[in-house]
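Here are the chains, one letter per residue:
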Amino acid sequence: MPAKRPPVPLSRERIIDAALHLADAQGLRRLTMRRLGDALEVEAMAIYHHLPGGKEALLDALAQHVTTVSVEAGERAAWQDIAAVWCRAARAALLAHPGVLALAMTKPPRGSAAAAIREQTEQLREAGLAAPAEAVRAMRAYVFGSVAVELQHTGWADPKAPEPGPDPDGEAAFERGLSALLNGLGAADATGAA
């Protein structure tokens, strides 16, 4: 008889990974502490040791996980290049976990997500953008909206849709919109600096 493997220790990271998997596969409505416990092969109450705030703390953690994006700004990179890298990284993170897009769009940024926004703002300021906080707000709005529209085209949330697949025009549409956004931010920056 083969030896029984010891159970994998429960951790906050393992809980978040399992919750993301459930939310992406079944949607947020089906994510319960009981289902999460079953997926982790533990009693649901064991999760509360790592997330004392229960389901609300879990939802906050999921939103924070998906919206915490950090990128390295190249030395002497133009603010447009830095902004584009941030937007592309945020899009990729959101597309990787469509089940929590609604949380990402509605939960205020906290913890590491708020720190990442401050980092992004500072990088843009250091690269010479006059109003980086306003630019970051516009970039976040663009990315969230763009991903939401892209997911609509994939059929991801439609239970009657055949096997969902990527939007064939998703990346190209995103890049066109990103270019327009950066041009608009540049024009506003030039006007504000004059």
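Observations concerning the overall build of the protein chain
Stage number 1. Each helix and strand counted, the protein chain has 9 helices and 0 strands in total.
Stage number 2. Ordered by position in the sequence, the α and β elements of the protein chain form the string α-α-α-α-α-α-α-α-α.
Stage number 3. When the 194 residues of the protein chain are sorted by exposure, 38% land in the buried category.
Stage number 4. For the protein chain, the computed accessible surface area is about 11,400 Å², with 56% contributed by carbon and sulfur atoms.

Concerning the pattern of salt bridges
Stage number 1. The full count for this structure, using the stated rule, is 7 salt bridges.
Stage number 2. With a shortest N-O distance of 3.0 Å, Asp-60 and Lys-107 are connected by a salt bridge. Of the two residues, Asp-60 is situated in helix α4 (residues 54–67) and Lys-107 in the loop between α6 (101–106) and α7 (111–126); the sequence distance between them amounts to 47 residues.

Notes on helix α8 (residues 132–154)
Stage number 1. For α8, spanning 23 residues, the distance from its first C-alpha to its last is 33 Å, which sits close to the expected 33 Å at 1.5 Å a residue.
Stage number 2. Every buried residue of α8 is listed here: Pro-132, Ala-135, Val-136, Met-139, Tyr-142, Val-143, Phe-144, Ser-146, Val-147, Glu-150, Leu-151 and Thr-154.

Digging into the side chain of Thr-121
Stage number 1. Residue position: Thr-121 is located in helix α7.
Stage number 2. At 2.9 Å, the side chain of Thr-121 forms a polar contact with the backbone oxygen of Ile-117.
Stage number 3. Ignoring sequence-local partners within four residues, the contact set of Thr-121 consists of Pro-132, Ala-133 and Val-136.

Observations concerning the side chain of Thr-67
Stage number 1. Following the sequence through the fold, Thr-67 ends up in helix α4.
Stage number 2. For Thr-67, a relative accessible area of 14% gives the class buried.
Stage number 3. Reaching out from Thr-67, the side chain makes a polar contact with the backbone oxygen of Ala-63 at a distance of 2.7 Å.
Stage number 4. Leave out the neighbours within four places in its chain, and Thr-67 touches Ala-104, Ala-113 and Phe-144.

Side note on helix α1 (residues 12–26)
Stage number 1. In a regular helix each residue adds 1.5 Å, so 15 residues correspond to 21 Å; α1 covers 21 Å between its end C-alpha atoms and thus fits that length.
Stage number 2. Burial in α1 covers these residues: Ile-15, Ile-16, Ala-18, Ala-19, Leu-20, Leu-22, Ala-23 and Asp-24.
Stage number 3. Buried residues belonging to α1 abut α2 (33–40), α3 (44–50), α4 and α5 (79–96).
Stage number 4. A positive phi of about 95° marks Gly-27, the residue just after α1.

Procedures and definitions
Residues numbered from 1 in each chain as written. Predicted model: local features only at pLDDT ≥ 70, side-chain atom pairs only at ≥ 80, totals over all residues. Heavy atoms only, no water. Helix = DSSP H or I, 4+ residues; strand = E, 2+ residues; numbered from the N terminus. Buried < 20%, exposed > 50% of the residue type's maximum accessible area, 1.4 Å probe, protein only. Areas by Shrake-Rupley, 256 points an atom, 1.4 Å probe, with all protein chains shown as cover. Salt bridge = Lys/Arg side-chain N within 4 Å of Asp/Glu carboxyl O. Expected span 1.5 Å × (residues − 1). Polar contact = N/O pair within 3.5 Å; in protein donor to acceptor, adjacent residues only side chain to side chain. Contact = heavy atoms within 4.5 Å.

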